[in-house]
Amino acid sequence: MKKMRPPRLSTAFSESGKSAKKRLGNILDTRAKRVGMAFIIVAAAAVVLAGAVFALGGEKHLAPEIESAVGEALLADGDRYADAEFWAEAHIILGSAKSRANGETKIYAVTSVGGYSFMNGMFIKNSGSGAIPAVITVAADGDTDVEYPKDGSYYASSLREMFPVTLLPALFMGDYYPELEVQEREQAREYLKSIGREAEVGNPGDLDRVFPDISAAASNAVDAYRKDNAVDVYPYFIGNTERLEDGKRYIYATLWDGADGVGKLTLRKTGEDGFTWEEYNFAIDGDSVVPMPSVEVVEIPMRMIYDDPLEGRHIDLEAGRRVLDAEDAETVLGFRAYSGTEKPTVVGGEAE
Amino acid sequence: MLGTVLEISVSSAAVILVALALTPLTEKRWSAGGRRVLWLILAVRLLIPFNISLPKAPIKVEPVERVVVFRTDAPLPVAVMTEAERSEAAKAETGPANYAPLFSLGDLLTALWLVGAAAFMLFHLVSYWIFLARVRSRLTYGGEYDGLPYYRCSAVDGPIMVGFFRPRVLLPEAETPPDELEMVLAHERTHLRRGDLWYKLVLLAANAVHWFNPAVWLMARRANKDMEYSCDEKVVEGKDFEFRRRYSLAVLHSMRRRFEDVKEKGVDRK
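Residues numbered from 1 in each chain as written. Chains lettered and ligands numbered in written order. Predicted model: local features only at pLDDT ≥ 70, side-chain atom pairs only at ≥ 80, totals over all residues. Heavy atoms only, no water.

**Re the overall build of chain B**
Of the regular secondary structure elements, chain B holds eight helices and eight strands. Every one of the 270 residues in chain B was classed for burial, and the buried ones make up 45%. Sequence-distant contacts in chain B: of pairs separated by 6 or more residues, those separated by 24 or more amount to 62%. As presented, chain B carries roughly 14500 Å² of accessible surface, and 64% of it is formed by carbon and sulfur atoms. (Helix = DSSP H or I, 4+ residues; strand = E, 2+ residues; numbered from the N terminus. Buried < 20%, exposed > 50% of the residue type's maximum accessible area, 1.4 Å probe, protein only. Contact = heavy atoms within 4.5 Å. Areas by Shrake-Rupley, 256 points an atom, 1.4 Å probe, with all protein chains shown as cover.)

**Examining the packing of helix α2 (residues 37-53) of chain A against helix α1 (residues 2-26) of chain B**
Two measures define how a pair of helices packs: the angle their axes make with one another and the distance between the axes. At a minimum axis distance of 8 Å, the contact between α2 of chain A and α1 of chain B shows a crossing angle of 155°. Relative to α1 of chain B, α2 of chain A is oriented roughly antiparallel. The handedness of the crossing between α2 of chain A and α1 of chain B is right-handed. Residue-level contacts link Phe39, Ala43, Ala46, Val47, Ala50 and Gly51 of chain A of α2 of chain A to Glu7, Ser11, Ser12, Val15, Ala19 and Leu22 of chain B of α1 of chain B. Within the contact of α2 of chain A with α1 of chain B, the residues separate by chemical class into eight nonpolar, three polar and one charged. (Axes fitted to C-alpha atoms, helices over the stretch in contact; angles between N-to-C directions. Parallel < 35°, antiparallel > 145°, perpendicular 65-115°, else oblique. Left-handed = near helix turned anticlockwise from the far one by under 90°. Nonpolar A, V, L, I, M, F, W, Y, C, P; charged D, E, K, R; others polar.)

**Let's talk about the interface of chain B and chain A**
With 85 residues of chain B at the interface, the matching set in chain A holds 59 residues. Of the roughly 6900 Å² buried between chain B and chain A, counting both surfaces, carbon and sulfur atoms make up 67%. Between Glu27 of chain B and Lys22 of chain A there is a salt bridge; the shortest N-O distance is 3.6 Å. Where chain B packs against chain A, one counts 10 residue pairs in polar contact (both at pLDDT 80 or more). The element that contributes the greatest number of residues to the side of chain B that touches chain A is helix α8 (residues 241-265) of chain B, accounting for 13 residues. Pairing analysis gives two bridges linking strand β1 (residues 11-12) of chain A to strand β7 (residues 160-162) of chain B, with the strands arranged antiparallel. When the sheet's bridge partners are listed, Thr11 of chain A is paired in β7 of chain B with Met161 of chain B. (Buried area = accessible area lost by both parts, 1.4 Å probe. Salt bridge = Lys/Arg side-chain N within 4 Å of Asp/Glu carboxyl O. Polar contact = N/O pair within 3.5 Å; in protein donor to acceptor, adjacent residues only side chain to side chain. Pairing = 2+ DSSP bridges.)

**Points about the packing of α2 of chain A against helix α2 (residues 32-47) of chain B**
Running from N to C, α2 of chain A and α2 of chain B cross one another at 15°; their axes reach a closest spacing of 9 Å. The angle between α2 of chain A and α2 of chain B falls in the class roughly parallel. Where α2 of chain A crosses over α2 of chain B, the handedness of that crossing is right-handed. Contact residues: Phe39, Ile40, Ala43, Ala44, Val47, Val48 and Gly51 of chain A in α2 of chain A; Gly34, Val37, Leu38, Ile41, Leu42 and Arg45 of chain B in α2 of chain B.

**Comments concerning the confidence of the model for chain B**
Detailed conclusions should not be drawn from predicted coordinates in areas where pLDDT is low. Residues and elements named next belong to chain B. Confidence along chain B averages 79 in pLDDT terms, with 76% of residues attaining 70 or more. The spread of mean pLDDT over the elements of chain B runs between strand β2 (residues 67-71), the lowest at 41, and helix α6 (residues 196-209), the highest at 95. Scored below 50 in pLDDT, residues 60-82 makes 50 contacts in the model with residues more than four places away or belonging to other chains. Scored below 50 in pLDDT, residues 92-101 shows 15 contacts in the model against residues more than four places distant or in partner chains. What the predictor reports for the complex is a pTM of 0.55 with an ipTM of 0.72. (pLDDT = per-residue confidence, 0-100.)

**Observations regarding the nonpolar core**
Buried together is how nonpolar side chains tend to be arranged in soluble globular proteins. Phe131, Ile160, Val169, Leu170, Tyr247 and Val251 of chain B are the most contacted members of the largest nonpolar core, which has 41 residues in total. Top element by residues in this core is helix α4 (residues 105-136) of chain B. It accounts for six residues. When near neighbours in sequence (up to four residues on either side) are disregarded, Phe131 of chain B contacts Met4, Arg5, Pro6 and Pro7 of chain A together with Val156, Ile160, Val162 and Leu170 of chain B. The next biggest cluster of nonpolar side chains, apart from the first, holds 25 residues, and it includes Ile16, Leu38, Ala43 and Val216 of chain B. (Core = buried A, V, L, I, M, F, W, Y, C linked by side-chain atoms within 4.5 Å.)

**Focus: the side chain of Glu89 of chain A**
Residue and element names in this part refer to chain A. Inspection of the secondary structure puts Glu89 in strand β3 (residues 86-98). Of the side chains with opposite charge, Lys125 comes closest to the buried, unpaired Glu89, at an N-O distance of 11 Å. Polar side-chain contacts of Glu89 include one of 2.8 Å to the side chain of His91. Beyond its immediate stretch of four places on either side in the chain, Glu89 contacts Gly71, Leu74, Leu75, Ser112, Val113, Glu184 and Gln187. (Lys, Arg positive; Asp, Glu negative; His and termini not counted.)

**Focus on helix α5 (residues 178-194) of chain B**
All names here are of chain B. With 17 residues, α5 extends 24 Å between its outermost C-alpha atoms, agreeing within 8% with the 24 Å of an ideal straight helix rising 1.5 Å per residue. Those residues of α5 not exposed but buried are Glu180, Leu181, Met183, Val184, Leu185, Ala186, His187, Glu188, Arg189, Thr190 and His191. Directly beyond the C-terminal end of α5, a positive phi value near 65° is found at Gly195. (Expected span 1.5 Å × (residues − 1).)

**Structural notes on unusual backbone geometry**
A positive phi is found at Asn120 of chain A, a non-glycine position, where the angle reads about 50°. For Asn120 of chain A, a relative accessible area of 31% puts it in the partly exposed group. If you check the backbone angles, Asp146 of chain B has positive phi at about 55° while not being a glycine. Checked against the element boundaries, Asp146 of chain B lands in the loop between β5 (139-145) and β6 (148-153).

**A few points about the confidence of the model for chain A**
Residues and elements named next belong to chain A. For chain A, per-residue confidence averages 78 on the pLDDT scale, and residues scoring 70 or more make up 78% of the total. Here strand β2 (residues 54-56) is the element of chain A with the lowest mean pLDDT, 56, and strand β8 (residues 201-202) is the one with the highest, 94. Residue range residues 326-352 is modelled with pLDDT below 50. Its contacts to residues more than four positions away, or to other chains, number 59 contacts.

**Re the sheet that holds strand β8 (residues 168-171) of chain B**
As summarised here, the arrangement of the five strands in space is β1(A)-β7(B)-β8(B)-β6(B)-β5(B), forming an open sheet in which the pairing is mixed. Each edge of the open sheet is held by one strand with a lone partner, namely β1 of chain A together with β5 of chain B. Two elements, β7 of chain B and β8 of chain B, share three bridges in a ladder whose sense is antiparallel. Within β8 of chain B, the residue paired with Met161 of chain B across the bridge is Val169 of chain B. Relative to β6 of chain B, α5 of chain B is tilted by about 125°, and along the sheet it contacts β1 of chain A together with β5, β6, β7 and β8 of chain B.

**Thoughts on the pattern of salt bridges**
A complete count under the given rule lists 19 salt bridges over all chains for this structure. With its nearest N and O atoms 2.7 Å apart, the salt bridge here joins Arg23 of chain A to Asp232 of chain B. Placement of the pair is Arg23 of chain A in helix α1 (residues 20-28) and Asp232 of chain B in helix α7 (residues 214-236), with the two residues belonging to separate chains. On the basis of relative accessibility, which here comes to 0%, the residue Arg23 of chain A falls in the buried class. Residue Arg35 of chain B is joined to Asp226 of chain B by a salt bridge in which the shortest nitrogen-to-oxygen separation is 3.0 Å.

Following this line, the structure appears as C-alpha cells:
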C-alpha cells in the first residue's frame, strides 16, 4: 500500500535523512558536550526582556477626553493638601484596560500634584505630593474616581491589589518623579504666562532661605503669637510669600532688623500697589519678645457713625482705608487696637 | 490581542534568530539536549499571551493611524477614510449619514491572524487523526520494549512513534536484525520518556499562533532536529565507540530502506 507521510505529531527514527552526515557525526562523537546552561538562561532572560522592552504604543495612548478626565480627577483631589496659589498635576500612564461590560476605562498611573506659590519671587512647590501610584477609573458617562494606595504597612499590599501583576515591576522599579516634575512645572509656567509674570519655578530647596538669628525661645514665642492671632501665613524665613485673597494679590513679608538675637522683627502685609495693610512689630532681645506698636488697616466700605453709650464714645468713620492706630479703642467692626499693653487681635475686617 | 501577539512575536524573533545563528558555531561544544531545552523555553514564551512591562520602554512603536472601512447603503464601492477624516466627517452636520462603520483595519488583521492560526492547527490535527485512522487496520503486533508496544505497519517506511495516551512504535514491514531493532526501540523509548510528543505539540501550537513569523518556522524546524539528535545522544551516552558505530549503522540502514522504498514505489518522499 502507499506509504503515508508521518504526521507532525509523531517522532521518527530516520527522518533526518538530509543531514545524515551531521547526525552520524554527532552520534560518533564521543567527546562529552556541555549542556550550555548559561546560554539557555541568558536566552530565556533575553526573550522575556525583549518582550518587555519592545512596547507598541497602542495601549498607553488614551483618547484625549479620557486623558483630560484623568488630569481633572487628579486636580480635584489636590485640595487634600495645604493652600497654594496654583495647583498642577502630573501623571505617567503605565497601562490601561477597558471593560467591555460597562464601558469604563481603568487607567493605571503614577501621579503627583503640586501646589505652587510665590516665595521670594520664585514660584515654589510648597505643597502636594511626590510620585504616588493611582488607579483612575473613567466611567462611560465621564464620571471619574481616583484610588490611591493605603498608607504605611498596607502600601505594598494595596498596590498589589490595585494594579495588574504585569505592571508591578514597572511600578516598583521605576523612577518617575523627574518626569512628573517636568509635567507639573510646565503647567506652572503656563500659569505664570497667563498672569503675565516671570518667575523661576522650583522646590523649597531652591530657595536660599535665611532665618532671623534669634534664640529658639524667642522664635517659639513669635510662633505662639502667630498661631494665637491667626497670622501664621507669614513666612518663617526672611523674605516674602504671596497669596491671592478674593482675587487680589497680597504680599506677606517677614523682615529682621538686628543682629545676634537683638533687633526688631516685622511681619508686614502689603498689597500689590505697595499699600501696607498690616504690620506687626516685635522687639527681641535674647529670649524676650515684646510686641511693639503695630499697624492694622481696614477698608471701611461706607461711612460709619456710631454712638457708643456705654463708653460714651462717638465714632465717625469715613469710607475708605483707615489706619487704626493705638489710640482707637473699638470700631463697629469689632476690633481692638494695640495700646501698648494689650495684644492686637484678628484684623482684616472680620467680626470677632 | 493581536498587538500583544505581535509584540511577543517580533521581540522573540530577535532572540530566536540570534540563537539560530549561534547554533552552528557552538554545535561541537554544546549538546543538542541543551538546545532542545532552549527551544522549549522559547516556544512556551511564544505561547504566553502577555509581557511584563518595564519602567520606561526604550523602543516605542507608534500605533498605525487607524483606517476605518465604511459601507454605504447604496451599492457604492467601499470608502476608506483615515480616522482623522472620519472624525471630521462625524463633526460636520451634513456628514455622510448613511455610512455605518463595519470594521477597522485592526479587526481585519486580527481576523486574518486567527483564521491563519486555526487553519494551521486544524490541518495538522486532522492529518494526525487521518493517519491514525488509516494505519489502525494495518498493524501487526510485534512485541514490547520496556513497556512500549511495537507493531509492524505496511503504511510507514521508517520507524515512528505515535499516540499521546497510548503510545506505540510503528515499524516498516521489512525485517530488521534484532540488534538494530533494539537501537530503534531504545531511541523511540527515549522519546517517550522525555515526553517528546508533547514537546512537539507545544512547538506546533507556538508555530500556529505565530504562523506569520518566519523565525518561528525556522525555530520549529531546528527544534525538531535537535530533539532527534538529543535522543541519539541520550541513547549512546556513556557507551563506547563500538556501540555508537552499531547505532549509526542502524540509522543508516533505516534511511537506506526508505530511499529504496522511494525508488521502488515511486512515492515522492523527502
